[in-house]
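This is what each chain is made of:
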Amino acid sequence: MKHFPTILGHEIRMLLVNPGTYLAAVLFLAVMGFVFTGILETYNTSPQETPPAVVFFQVFFIPVLFMVPLLTMKCLAEERRLGTIETLLTTPVTTTEVVLGKYGAAYALYLGMWSSTAVLFYIFQRFVGDAHLTDTGPILGGYLFIAVSGLLFIALGVLASALCRSQSVAGILCFTLLFGLIVGGNYLSGASWLNRVDFQPLRSAVEYTMIFDHLGDFTRGVVDARQLLFYFSGTALVLILSILSVEAKLLHS
Amino acid sequence: MPEDPPAIEVSHLVKAYAGVTAVNDISFKVARGEIIGFLGPNGAGKSTTMRILTGYLPATSGQVRICGLDVETHPEAVKRQVGYMPENNPLPEDMRVSEYLYFRGRLKEVPRRMLGPRLDEVLELCDLKRVRHKIIGKLSKGFRQRVGIAEAILAEPPVIIMDEPTIGLDPHQILIVRDLIASLRGRMTVLISSHILPEIEMTCDRVLIINGGRVVAEGAPDQLRREIIGRATYTAELAGDPGVLPALLAAVEPSLRIAEMGEADATGFRRYTFACDRHDELGEALLRSLAGQAGFRVRSLSRTHASLEDVFLAATRRSWDVVDAARNRDPK
């Protein structure tokens, strides 16, 4: 792990000098600002029960579905396409260090982008007097959910990039994986055939992976160790698969 | 373990991909400080062998040792001993030259304190000072190539492996690269593959020719010439009766014969090519005997050296059956 800081620092630096990153950040903030304005307008017209933070974090999947592929699709696919993976892996670094370094940089940027939305809440707190609406609990819970679930989402993006030579294919694969994970659970839980007794274990497994339910728990202030374990173990598994796929591609290159 | 193991030691290396044997039982040794040229037609297995030497690809069977360390069992230690420049020299497009070299230096574990001076030294050595702040993607081919070479020698590893370092360079730049490689002689072991044969001949102490995944010839360029071409040739411009020439040649050396005879020009001179199985210098004896012959006039006489190109063509034309047959005939 000696080279992990070197690779991480390098990757973050490369992301920060890339104009594309700023463009993506601006677009992200524009979308999130637009969503936030929409929420405020609803609150203006009729009284609501839930704090706006809860509603805001419920649309987390919109930025996740387009930002995560954009952030991660380049990381390993580009190295392979240019052939620089060969020069990188003939220095005394291990595949693990390379994959973790790239993962860490993408995750740091993901967190950075999300943390910039804190400005929206700051403005809200400043101008809204109602203590019920400006409760910080759901906000902190929401950000904690973003940080923990982001671990798994970014790892899936890295895996997609490790599997493909082409950036665009990696991007689409990542989008599909994320869509399946986030929306697929919701869809399955609504399926009637899962209610049969034979499928009971499968049903409980699907309920365990329902990401929207996790979000609900987090914003209510419930941090369940099982959910944390789901994200941490999922991240570890996906990263191990990414490392193995980089190495397997070398064996057959 | 012996005191000073050879820089590169390859024994019975085999690499098969999906049913195709790219490298088939290659064995060779490279001493420390030696510069060795690695030749072979496209698809002969040069790049595959080099990739196995760097530890990037695993071998199917056989053993590779770099400075006495087995590549299979000590991959990280071996990577510290090797500076590698791959084929086509892949470089990141969006970094500045000095930034890239700094990053690579850190990865290669050059201490932070030493990295600054070492970078200056390498940039100077590769004539890159002018472009150190330029973006790599915007550099010309020659500069990119030199960035790759600078990267390979950056950490001063004992072994340097370069896959076609002079490809795409202009003659002036080739000269710089040649001097650069020659300046490493004695300090570092260099293994270069190239298609530019005169380059290899000028810089390398020894040449290794592979074809179809096998070593077909190995040795110093002079030795190979003798071994593969097998004869010395002389060209001469003479005027006189060609009929008496065979007897005259036989008197000098029995195996000396006329290999080619040109048309007589306006002044009566013809161009002859003589072939001879002996390798020592016969020029003087030949000149004396030709000049001594009444009715003969000599305008020029010279010994022609077979170029490495001829050696390469002849060696790669020999199929490995021939090599195997020769090996079986006189087992070592």
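The rules behind the values
- Residues numbered from 1 in each chain as written.
- Chains lettered and ligands numbered in written order.
- Predicted model: local features only at pLDDT ≥ 70, side-chain atom pairs only at ≥ 80, totals over all residues.
- Axes fitted to C-alpha atoms, helices over the stretch in contact; angles between N-to-C directions.
- Helix = DSSP H or I, 4+ residues; strand = E, 2+ residues; numbered from the N terminus.
- Parallel < 35°, antiparallel > 145°, perpendicular 65-115°, else oblique.
- Left-handed = near helix turned anticlockwise from the far one by under 90°.
- Contact = placed C-beta atoms within 7 Å.
- Nonpolar A, V, L, I, M, F, W, Y, C, P; charged D, E, K, R; others polar.
- Buried ≥ 20, exposed ≤ 12 C-beta atoms within 10 Å, placed from the backbone.

(A) Molecular detail of the packing of helix α3 (residues 97-107) of chain B against helix α4 (residues 112-125) of chain B. All names here are of chain B. Contact geometry of α3 with α4 gives a least axis separation of 11 Å together with a crossing angle of 125 degrees. For the element pair α3 / α4, the angle class is oblique. Taken as a pair, α3 and α4 cross one another with a handedness that is right-handed. In this structure, α3 contributes S98, L101, Y102 and G105 to the contact, and α4 contributes L115, R118, L119 and V122. Grouping the amino acids of the contact of α3 with α4 by side-chain chemistry returns 5 nonpolar, 2 polar and 1 charged.

(B) Layout of unusual backbone geometry. Residues and elements named next belong to chain B. In this model, E109 sits at a positive phi of 65 degrees, which is unusual for a non-glycine residue. In this structure, E109 sits in the loop between α3 and α4. The phi angle at E164 is positive, at roughly 50 degrees, despite the residue not being glycine. Relative to the assigned elements, E164 resides in the loop between β7 (159-163) and α6 (171-183). Among the residues examined, E164 registers 21 C-beta atoms within 10 Å and is labelled buried.

(C) Looking closely at the interface of chain A and chain B. In this assembly, 15 residues from chain A lie in contact with 21 residues from chain B. Top contributing element to the side of chain A that touches chain B by residue count: helix α6 (residues 84-89) of chain A, with 4 residues. Grouping the amino acids of the side of chain A that touches chain B by side-chain chemistry returns 6 nonpolar, 8 polar and 1 charged.

(D) Representation of the packing of helix α7 (residues 95-115) of chain A against helix α13 (residues 225-251) of chain A in the model. Residue and element names in this part refer to chain A. Between α7 and α13, the least distance of the axes is 9 Å, while the angle of their chain directions is 125 degrees. Taken together, the axes of α7 and α13 are oblique relative to one another. Relative to α13, α7 is oriented so that their crossing is right-handed. The residues of α13 that touch α7, namely those facing T95, T96, V99 and Y103, are L239, S242, I243, V246 and E247. In terms of residue class, the contact of α7 with α13 is built from 5 nonpolar, 3 polar and 1 charged.

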